[in-house]
Amino acid sequence: MSQSPPSQAPGPESFSFDAENSRLDRRIRRKKTPFWMSPVFVSLLLLAGAAGGVYYLYQQQSSAPDARLGDIPRETTIPEGEPFALVLPFDGGTVDYSKLSLSILEGPAGAKIDPETGTFQWTPSEEQGPGQFRVTVQAQSRVDASRKSQRQFLLKVTEVNTPVTIPYIEALTGKEGERLRHLIPYEDPDRPVQNYRFRLVGEVPEGAQIDPESGMFEWYPKNVELNKAYRIEVEVGEVDFPESKATRDFQVTFKAYDPIARFKERLANSGALVEETGHTVQNGFDVEGRSLLVQLETDAPKERVDVFAYSSKDAADAEVKFIKPDLSDFFGKPNVFRQPTRIYRDDRLFVIASDVSPAMHRRLSLNFGVALAAYGNLDSSTPSIASTNPSTTPAAAGTTTNIAAPLQPGDLDETALASLDALYQSKQLLDKKSYKEVRAVFAAQFERTHADVLKSAWADDYDALVAWLEERTELKEEFFVAIDPQHDNLSGALRVMHQLWKRFPREVENYPQLAIAVAVVWDNERTGPYDYTTHQVRTKSSMPETLLDGYQVFEEFVRNENVMQGRTKLIPWEFIKHLVNHRTPSAEQAWARTAYLPKRVMFGQCYSEVPYDDLMLETSSERCALQGQEYNLPNIQKFGGVCAMQADFAARVGKSMGVPAEYVRGEAASGDFHAWVMWVELKNLTPTGINFSLESHGRYNLDKYYVGTLTDPQTGKTITDRELELRLHTVGLDPRAKRQADQAMAAYPALKDKHKFALDTQIEFLKDAIALSPGNEIAWAELARIAGTGNLIKKHERVMRQTLDKLFLTFVNFPDFTWKIFDDLIQYEEKVADQIKLYERLLQLYVQAGRPDLACEARLQMTGYLLDEKRDREAVEGLAATIMAFPDDGRYVPRLLDRLEVLCVDNPLYQKKLIDFYKLFLPKVPQTRGDLVSKYCITMYERGIDRFTRAGETQAAAQYQAQLDQLKAKYIP
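Residues numbered from 1 in each chain as written. Predicted model: local features only at pLDDT ≥ 70, side-chain atom pairs only at ≥ 80, totals over all residues. Heavy atoms only, no water.

**Student:** Which parts of the structure should I look at to understand the sheet that holds strand β19 (residues 349-354)?
**Tutor:** Hydrogen bonding along the main chain pairs the strands of a sheet, whether they run parallel or antiparallel. An order of β15-β16-β17-β19-β18-β20 is seen for the 6 strands of this open sheet, with the pairing classed as antiparallel. This sheet does not close on itself; its edge strands, each paired only once, are β15 (273-281) and β20 (373-375). Along the sheet, successive strands turn relative to each other by an average axial angle of 25°, direction set aside. Looking at chain direction, β15 and strand β16 (residues 289-295) are connected through 6 bridges and run antiparallel. (Pairing = 2+ DSSP bridges. Helix = DSSP H or I, 4+ residues; strand = E, 2+ residues; numbered from the N terminus. Axes fitted to C-alpha atoms, helices over the stretch in contact; angles between N-to-C directions.)

**Student:** Sorry if this is basic, but what is going on with the pattern of salt bridges here?
**Tutor:** For the structure on display, the rule yields 58 salt bridges. Across the pair D742 and K738 runs a salt bridge, and its minimum N-O distance is 2.6 Å. Of this pair, D742 and K738 both sit in helix α23 (residues 735-755), 4 residues apart, roughly one helical turn. Overall, the relative accessible area of 27% leaves D742 in the partly exposed class. A salt bridge links R873 to E877; the shortest N-O distance between them is 3.2 Å. Of this pair, R873 and E877 both sit in helix α30 (residues 872-885), 4 residues apart, which is roughly one turn of the helix. By relative accessible area, E877 is classed as buried at 12%. Where salt bridges share partners, they join R439, E477, E478, E574 and R739 into one cluster. (Salt bridge = Lys/Arg side-chain N within 4 Å of Asp/Glu carboxyl O. Buried < 20%, exposed > 50% of the residue type's maximum accessible area, 1.4 Å probe, protein only.)

**Student:** Looking at this model, I keep getting lost on the environment of R950. Mind explaining?
**Tutor:** One can find R950 in helix α33 (residues 935-950). Residue classification places R950 among the exposed positions, given a relative accessible area of 63%.

**Student:** I would appreciate a short explanation of the pairing of strand β7 (residues 148-158) in the present structure.
**Tutor:** Two faces make up the sheet, and in a regular strand the side chains alternate between them. Here strand β1 (residues 75-79) runs beside β7; their pairing, made up of 5 bridges, is parallel. Bridge pairing in β7 places P79 opposite T158. Pairing of strand β6 (residues 131-141) with β7, which is carried by 10 bridges, proceeds in the antiparallel orientation. Bridge pairing in β7 places A139 opposite S149. Hairpin connection between β6 and β7: a loop of 6 residues separates the two successive antiparallel strands.

**Student:** So what exactly am I meant to see when it comes to the packing of aromatic side chains here?
**Tutor:** Both the distance between ring centres and the angle between the ring planes are used here to describe each pair of aromatic rings. Going through the model one piece at a time under the given rule, you end up with 47 aromatic pairs. Aromatic side chains Y310 and F350 sit 5.8 Å apart centroid to centroid with 75° between the ring planes, which places their arrangement in the edge-to-face category. Placement of Y310 in the loop between β17 (303-309) and α4 (313-320) and of F350 in strand β19 is noted, with a sequence separation of 40 residues between them. You can call Y310 buried: its relative accessible area is 4%. Its relative accessible area of 0% is what places F350 among the buried residues. Three or more aromatic residues link up through ring pairs in this structure, and these residues are F285, F308, Y310, F322, F330, F331, F337 and F350. When the ring centre of Y551 is taken as origin, the NZ or CZ atom of R503, which lies over that ring, is 4.1 Å away. Geometry around Y532 places R652 over its ring, the cationic atom sitting 3.7 Å from the centre. (Phe/Tyr/Trp six-rings, centres within 6.5 Å; stacked < 30°, edge-to-face > 60°. Lys NZ or Arg CZ within 6 Å of the ring centre and 35° of its normal.)

**Student:** What am I meant to see in the side chain of R593 here?
**Tutor:** Relative to the elements of secondary structure, R593 occurs in helix α18 (residues 586-596). Engagement of the side chain of R593 in a polar contact is seen with the side chain of E556, the distance being 2.8 Å. If sequence neighbours within four positions are ignored, R593 has contacts with E556, N560, V563, M564, P598, S656 and M657. (Polar contact = N/O pair within 3.5 Å; in protein donor to acceptor, adjacent residues only side chain to side chain. Contact = heavy atoms within 4.5 Å.)

**Student:** Just checking my understanding: could you explain the nonpolar core for this structure?
**Tutor:** Membership of the largest hydrophobic core comes to 99 residues, with the highest contact counts inside it found for F917 and F921. At 9 residues, helix α29 (residues 852-868) tops the list of elements feeding residues into this core. In this structure, A482, I516, M564 and W676 belong to the second largest nonpolar core, which totals 62 residues. (Core = buried A, V, L, I, M, F, W, Y, C linked by side-chain atoms within 4.5 Å.)

**Student:** Honestly, the sheet that holds strand β12 (residues 216-219) in this entry has me stumped. Any pointers?
**Tutor:** Taken in spatial order, the 3 strands of this open sheet run β9-β12-β11, and their pairing is antiparallel. At either margin of the open sheet sits one strand with a lone partner, and together these are β9 (180-183) and β11 (208-210). In this sheet, neighbouring strand axes are inclined to one another by 15° on average, regardless of whether the strands run parallel or antiparallel. Inspection of the sheet shows β9 paired to β12 by 4 bridges, in the antiparallel sense. From the neighbouring strand, L183 faces β12, where its bridge partner is M216.

**Student:** It is not clear to me how the packing of helix α25 (residues 777-788) against helix α27 (residues 815-825) should be interpreted in this structure. Could you clarify?
**Tutor:** Relative orientation and spacing of two packed helices are given, respectively, by the angle between their axes and the distance between those axes. Packing of α25 against α27 leaves a shortest axis separation of 7 Å and a crossing angle of 25°. With respect to α27, the axis of α25 lies roughly parallel. Taking contact as the criterion, the partners of E777, W780, A781, L783, A784, A787 and G788 in α25 are, on α27, F817, I821, D824 and L825. Of the residues in the contact of α25 with α27, the class split is 8 nonpolar, 1 polar and 2 charged. (Parallel < 35°, antiparallel > 145°, perpendicular 65-115°, else oblique. Nonpolar A, V, L, I, M, F, W, Y, C, P; charged D, E, K, R; others polar.)

**Student:** Help me understand α18, please; the structure alone is not making it clear to me.
**Tutor:** Every α-helix carries 3.6 residues per turn, so stepping three or four residues along brings you back to the same face. Of the residues making up α18, those classed as buried are E588, Q589, A592, R593 and Y596. Projected onto a plane normal to the axis of α18, the buried residues spread over an arc of 140° and lie on a single side. Turned more than 90 degrees from where α18 packs its buried face, A587 and T594 sit exposed. (Arc of directions from axis to C-beta.)

**Student:** Please explain empty space enclosed by the protein as it appears in this structure.
**Tutor:** The method is simple in principle: a probe with the dimensions of a water molecule rolls over the atoms, and the space it marks as empty is what remains. Scanning the entire structure with this criterion turns up 3 cavities of 30 Å³ or more. The space that makes up the largest cavity amounts to roughly 60 Å³. Residue lining of the largest cavity: R722, E723, L726, E777, F814, D816, F817 and K820, and that is the complete set. Where the lining of the largest cavity is concerned, the elements lending two or more residues are α22 (721-733) and α27. Its residues assigned to classes, the lining of the largest cavity shows 3 nonpolar, no polar and 5 charged. (1 Å grid on protein atoms, 1.4 Å probe; cavity = no way out; pocket = protein on both sides within 12 Å on 5 of 7 lines; lining within 4 Å. Points joined across faces, edges and corners; volume = space filled by probe spheres on them.)

Written out as structure tokens, the structure reads:
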């Protein structure tokens, strides 16, 4: 028998037999169990298998790769757009990557590891530079999972400038006598966007200019040669990269101005069809006129108007004195018109509209304002009623409320006042170039005034934090002047900044505007952060447990800077406070970014992606789709809710993506309440200004939500969305100018008191503050207060008229503010008749803006002035005209009707016109709101039926009663 190796268990090949005993052996085996089935053999086999397994494991473990990563440089700098590659080093030399799992646990978007070569690869995108990114890589053995190691390193991405370019500019055509404006386009893929400066180069024609910051090219043509092609060359350069410049030339041609062609164009733009009759007319004017046929709508009849164009404004001015306002004398001829007639004027153009429809007069008045002359009663929406004294008391004038009480000397200490006085006397206080000097004065006073609070809030870290801020002057001063002692929790804001500094010192330095916004919003956790628990309670759902605090909100934005496009670095804290005022958990914010970041432009439409919970509305929240669910963004989108949940969802989705957004609520024309989302749609962003629009979704036009309300994140006070729009616009136009103007107005009371400013000096100071920041509400309010005192004299009229023109220009898109100061502001006009003309201009602004709320207030105020002047007929006609301008509004029309009826019902001459007015008005009142019968319509019909019945108009009363009965049968309360 052969022997097995001593190190191995016996195997089947080890056995043999003796040939001499073979017969006996075979016999015995037939009688006994074969050895290979015996317990001994089985035991030996198991022992052999175990030994083999142990040997296999030993072999495998001994061959498992070493997963220990070697040293990696702690920091590496990479230019954006350039590929970066790093072969991961390992201790122990040669690596078999097939036996290793390599992964990135933390790192920038787009980074990856080649599994075959162990190379970390990443090309920083434009959006990722400049920036820094922490990377954590891990190596793990595929054989032995316990063998793994990690390494961290930092990648710093530097900005690589791409030269700015100006695309081709089409030839521009201007009109004689009209200002030409064109925004110069430029293209620069760099992110964040750079600071740019524009200038005109070469020979610049007289009157041509360009705004150096915005690139708005303007040219008011003076002494230009018509039809000549002027060559203009423009240059744009990057402030931080002086060598990066681009130039482009374009042509500008001015055409002769044709007032009649312009008139036809304006009517055509409003949807009317205009055609020439081929007839000329004279009608007393020194120039030959032309007759036009105007069709306002497809089914409307064609109506004739006559137009007369003069060669100059002076020539047109000379004609006006020959036209009496009541047309009793028209170029020396009495009463030449046999039909109701209105004459309108626009600069060099006169328009005569005789025997035309009320709709035509409304269209002309929208284009030209109130007619300069009028004759006869209009069987129209503006009934002409003979003058008579009403039996009612005229409305009191001057009932508007100022936004600020008369200013008093401020609380400036002697050091601050001396510094500000020096700046004022050197004409630097309101000079945009002196922003830092003015800011430094107020920041220093803050430190002196609140030294004890600073020491208490910063406690043991006071000296260290003060020293740290001293090295970062801009951050310190911007923070101190951002705190509003009247509304902010001073100690709370300081404590928040203290904790941010302790937790994230580097991030606070890199994101100063974000840190300031968090401090002034989270200074009071009860009033600052937007509270959406009311929606959770209303839907009978549960609130997530991981709501964020202010420090976590700060960290969330910093951590996700790579998708913020510089928003939390570049936009001012006044905008950012509408980003950080919510507690939405990190997981929900990540979900929002994943779902909507590709749709960030006009993202607010996601409001409509929340299913409307009709059952919740019908059961008054007794049953809700969200009931029993967690109230989070994914669930809101999945299960739905009413408008409040839709607006809440959209607002918090926007904030999560770096879009300043707010939940807004308001009252509809019907009296119902509603909620919608408003947000800042960023278009262009630089450190010196923001080009944006304030958008909304869910603000249904049908219900006419003229004004909404929201909670200001800093003060905790309720403000209107119109106030928000004005204030953000003022900041966006120039953040530094806005802040400097505010600081100058804070200094104004003390300076006025010290120097005993004369009225002229006061007005000049306020004008300069408005020139620095046109939307400065405090300066405007103070100017209105001065005018309202009645102390202005004749010499002030010119400057006040210029100021009023600026008011209309500045607030054309924000008319709400004008109403707050208008009545006081126009008191510089001694004659009530002149004040009435200004009110007519204001009313035109409100009508064009589609704002019956403001138009109603202005009309009622103007009515009082007209009655004071014994102009009763105009007062009544004006009320009727404003009602007819907004016949579908259920909130303000009833107020105007009340006033109209009071003036009419007790006077027989007026009563007939009132009935005629109702016959014109009631057909314009919409019978439904959406698919439902309008309660407002029912009320108006009842009111009209009552008037018809009293006047004996039985047919009209019966007609509307039949319609009313049908409406009531369908009405759902």
